[in-house]
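A structural walkthrough
Here are the chains, one letter per residue:
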Amino acid sequence: MLAKHWKKIGLFILIIACVFNIMSKLVNKMSLDKEMLTSATYVYKEERRGENINEKGNSTRVQQ
């Protein structure tokens, strides 16, 4: 029986694995507010880091 239906069984297992993967990502998804705050904090820290490097004269920063 297994030899006759192995493709269907494998496809079923694959579909179930994909559904569980998608559901776990949706359940554990970070909220938009937290994501925006995290991104803003990262950008702010990188800008401050760039300013500190320029003050020391170790690097030149390209102005846009």
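Please refer to the structure higher up on the page.
Residues numbered from 1 in each chain as written. Predicted model: local features only at pLDDT ≥ 70, side-chain atom pairs only at ≥ 80, totals over all residues. Heavy atoms only, no water.

**Points about the overall build of the protein**
Secondary structure assignment for the protein yields 2 helices and 0 strands. Counting only residues that meet the buried cut, the protein has 2% of its 64 residues in that class. About 6,700 Å² of surface is accessible on the protein, with carbon and sulfur atoms providing 63% of the total. (Helix = DSSP H or I, 4+ residues; strand = E, 2+ residues; numbered from the N terminus. Buried < 20%, exposed > 50% of the residue type's maximum accessible area, 1.4 Å probe, protein only. Areas by Shrake-Rupley, 256 points an atom, 1.4 Å probe, with all protein chains shown as cover.)

**A closer look at a nonpolar patch on the surface**
A cluster of nonpolar side chains, contributed by Leu2, Trp6, Ile9, Phe12, Ile13, Ile16 and Phe20, occupies part of the molecular surface with about 780 Å² of accessible area. Relative to the assigned elements, Phe20 resides in helix H1 (residues 2-27). A relative accessible area of 60% places Phe20 in the exposed class. (Patch = residues over 30% accessible without salt bridge, like charges linked within 9 Å, V, L, I, M, F, W, Y side chains within 5 Å. Salt bridge = Lys/Arg side-chain N within 4 Å of Asp/Glu carboxyl O.)

**Structural notes on H1**
If you check H1, its first and last C-alpha atoms are 35 Å apart, about what 26 residues at 1.5 Å a residue would give, namely 38 Å. Along H1, the sharpest change in direction is near 35° and occurs at Lys8. The buried fraction of H1 is low, at 0 of 26 residues. (Expected span 1.5 Å × (residues − 1). Bend = angle between axes of the 7 residues up to and from the residue.)

**Some remarks on the pattern of salt bridges**
Overall, the coordinates contain 2 salt bridges when judged by the stated rule. Between Arg49 and Glu46 there is a salt bridge, and its shortest N-O distance comes to 3.0 Å. In this pair, Arg49 and Glu46 both sit in helix H2 (residues 32-56), 3 residues apart, roughly one turn of the helix. Classification of Glu46 by relative accessible area gives partly exposed; the value is 33%.

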